[in-house]
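Here is how the chains run, residue by residue.
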Amino acid sequence: MSDPVFITPKGGLSLGDVAEACGVSLPEGADPSRPVTGAAPLESAGPSEIAYMDNARYGAALSATRALACLVSPRFAARVPEGTVALVLRDPYRAYAGLLARLYEEAMRPGSLFGASGISPGAHVHPQARLEDGVRVDPGAVIGPGAEIGSGSVIGPGAVIGPNVRIGRDSSIGAGATLTHALVGNRVIVHPGARIGQDGFGFAMGPGGHLKVPQVGRVIVQDDVEIGANTTIDRGASRDTVIGEGTKIDNLVQIAHNVVIGRHCVIVSGVGISGSTTLEDYVVLGGQVGVVGHLRIGMGAQIAGSSNVNRDVPPGSRWGGTPAKPVRTWFREMTTLARLAERAGPGGGEQDD
């Protein structure tokens, strides 16, 4: 059995094209016509492939690489071996990402798993749904009455688009995802298994039982958002849950009702954000961060992974720990505890049962 290659590089790219895309000049003697067949890690890149390096940990791999060219920051340029063209630039990783987008265009967003064009005979599209020309719908997808989907969008197999949901142009809805009570913008990517628009978790609790509070809001997903696999975004209770333009959300994230997330935030896997919390623009939440409800995390703030946030976070700050606090305070606390443990010695302070 041969090993399948799932995503093949786009042909026709030359070394000169790579240099032009990166905004740099080729070193003297480099042949701009040499073909580029793909991209690969330093240690496995071959003589027609592009690699990149911007971390001292991979210095040995850089020195031994056989890549045609390597995108590299100035401090590592001298370590590029003879036979590999050094393309020196300030941010090699970002440039490399742009090259990958050109080489592997089909990997940029989920496409039809059946290579389909138009609406598959195995899909179920309600007569009152409105789909612009160029929408692709895979087998098993269900699109409800009043739904509207813009041209260039792809609805994966088994996906469910509920009544009156709006999806903009050039968006991708992955296999098995469900969208209800949602307005989704252009160029949005929703990965497989994501759940958007279901009930928020709202109950009026009391000794006689917990009374369900109807959730009558929506989910608003603005342009260029990416939502990871098996992430859940609850619709608002009395107002909307909002995901701001350009925000990137990893897999397995829970976003509760009435949460408002600003533009270009980054939310890593395992995060849970409780109801009615606001994240301002450019906030970063590391993996497994927990945020209690009704808080505000200020613009540009960064929260370290596995932290628990239980109070407002000022703009531009870096916090971590449980409960989360400014990182300098957190580091001092950890250092103090470590010193106390060292002074106590092996088994110090422990008691037998």
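Here the structure is shown first, and the text comes after it.
What comes next is a walk through the structure.

Reading the values: the criteria
- Residues numbered from 1 in each chain as written.
- Predicted model: local features only at pLDDT ≥ 70, side-chain atom pairs only at ≥ 80, totals over all residues.
- Heavy atoms only, no water.
- Buried < 20%, exposed > 50% of the residue type's maximum accessible area, 1.4 Å probe, protein only.
- Helix = DSSP H or I, 4+ residues; strand = E, 2+ residues; numbered from the N terminus.
- Arc of directions from axis to C-beta.
- Contact = heavy atoms within 4.5 Å.
- Expected span 1.5 Å × (residues − 1).
- Polar contact = N/O pair within 3.5 Å; in protein donor to acceptor, adjacent residues only side chain to side chain.
- Phe/Tyr/Trp six-rings, centres within 6.5 Å; stacked < 30°, edge-to-face > 60°.
- Core = buried A, V, L, I, M, F, W, Y, C linked by side-chain atoms within 4.5 Å.
- Pairing = 2+ DSSP bridges.
- 1 Å grid on protein atoms, 1.4 Å probe; cavity = no way out; pocket = protein on both sides within 12 Å on 5 of 7 lines; lining within 4 Å.
- Points joined across faces, edges and corners; volume = space filled by probe spheres on them.
- Nonpolar A, V, L, I, M, F, W, Y, C, P; charged D, E, K, R; others polar.
- Salt bridge = Lys/Arg side-chain N within 4 Å of Asp/Glu carboxyl O.
- Axes fitted to C-alpha atoms, helices over the stretch in contact; angles between N-to-C directions.

Count 3.6 residues to each turn of an α-helix, and residues three or four apart come out pointing the same way. All of the buried residues along helix α1 (residues 15–22) are Leu15, Gly16, Val18, Ala19 and Cys22. Looking straight down α1, one finds its buried side chains confined to an arc of 160 degrees; they lie on one side. The inward-facing, buried residues of α1 contact β1 (13–14), β2 (35–36), β4 (49–53), β5 (69–72), β6 (85–88) and α3 (92–103). Remark: Gly23 follows α1 within two positions and exhibits a positive phi of approximately 75 degrees.

Here helix α4 (residues 327–344) is 18 residues long and its end C-alpha atoms lie 26 Å apart, about the 26 Å a rise of 1.5 Å per residue gives. Backbone geometry just downstream of α4 places Gly345 in the positive-phi region, at approximately 80 degrees.

Another point: the side chain of Thr277. Tracing the backbone shows Thr277 in the loop between β30 (272–273) and β31 (278–279). Classification of Thr277 by relative accessible area gives buried; the value is 0%. For Thr277, the side chain forms a polar contact with the main-chain oxygen of Val292, separated by 2.8 Å. Beyond its immediate chain neighbours, meaning those up to four positions away, Thr277 contacts Asn258, Val259, Val260, Val291, Val292, Gly293, His294 and Leu295.

This part covers the packing of aromatic side chains. A full pass over the atoms with the stated rule returns four aromatic pairs. On the basis of an interplanar angle of 35 degrees and a centroid distance of 4.7 Å, the ring pair of Tyr52 and Tyr96 is categorised as tilted. You can see Tyr52 sitting in strand β4 and its partner Tyr96 sitting in helix α3, a full 44 residues away along the chain. Under the relative-accessibility criterion, Tyr52 is labelled partly exposed at 25%. Taken together, the aromatic side chains of Tyr52, Tyr93 and Tyr96 make up a single cluster linked through ring pairs.

Attention shifts here to the environment of Arg130. Counting through the fold element by element, Arg130 comes out in strand β8 (residues 130–131). By relative accessible area, which is 54% here, Arg130 ends up exposed. When the C-alpha atoms of Arg130 and Arg166 are compared, they prove to be 9.6 Å apart, with 36 residues separating the residues in sequence. Setting aside chain neighbours within four positions, we find Arg130 in contact with Ala147, Glu148 and Ile149.

Formed by 51 residues in total, the largest nonpolar core has its most connected members in Ile155, Leu179, Ile273 and Leu285. When contributions to this core are tallied by element, the ones reaching two or more residues are β17 (182–184) and β22 (219–221). For Leu179, the contacting residues outside a window of four places in its chain are Val160, Ile161, Gly162, Val165, Ile167, Ile173, Val184, Val190 and Ile196. In this structure, Cys22, Ala69, Ala95 and Tyr96 belong to the second largest nonpolar core, which totals 20 residues.

Another point: the environment of Val271. Counting through the fold element by element, Val271 comes out in the loop between β29 (266–267) and β30. Taking the relative accessible area as the measure of exposure, Val271 reaches 2% and is therefore buried. In the structure, Val271 is positioned 94 residues away from Ala177 in sequence and 19 Å away in space, judged by C-alpha atoms. Residues in contact with Val271, not counting those within four places in the same chain, are Leu252, Val253, Gln254, Leu285, Gly286, Gln288 and Val289.

Taken in spatial order, the 11 strands of this open sheet run β9-β12-β15-β18-β23-β26-β29-β32-β35-β37-β38, and their pairing is mixed. Because the sheet does not close on itself, it has two edges, and the strands there are β9 (136–137) and β38 (325–326). Across two bridges, strand β35 (residues 302–303) lies against strand β37 (residues 318–320) in parallel orientation. Paired with Ile303 across the bridge in β37 is Trp319.

This part covers the layout of surface pockets. Put simply, the largest pocket is a space of about 450 Å³. If you trace the largest pocket, you find 18 residues lining it, with Glu106, Ala107, Met108, Arg109 and Pro110 closest to the centre. When the residues that make up the lining of the largest pocket are grouped by side-chain class, the tally is six nonpolar, three polar and nine charged. If you add up the space inside the second largest pocket, you get close to 160 Å³. In this structure, the second largest pocket is lined by Tyr93, Arg94, Ala97, Leu100, Ala101, Tyr104, Ala107 and Met108. Here the lining of the second largest pocket is composed, by residue class, of seven nonpolar, no polar and one charged.

A word on the pattern of salt bridges. Per the counting criterion, the structure on display carries 11 salt bridges. By sharing partners, the salt bridges in this structure join Arg130, Glu148 and Arg166 into a single network.

Turning our attention to the sheet that holds strand β3 (residues 38–39). Strand order in the open sheet formed by four strands is β3-β4-β5-β6, with parallel pairing between adjacent strands. The strands lining the two open edges of the sheet, one partner per strand, are β3 and β6. As defined by bridge partners, β4 adjoins β5 across four bridges and the pair is classed as parallel. Across the sheet, Met53 pairs through a bridge with Val72, a residue of β5. α1 contacts β4, β5 and β6 of the sheet and is inclined by roughly 15 degrees relative to β6. On top of the sheet, α3 reaches β3, β4 and β5; it is set at about 155 degrees to β4, its chief contact.

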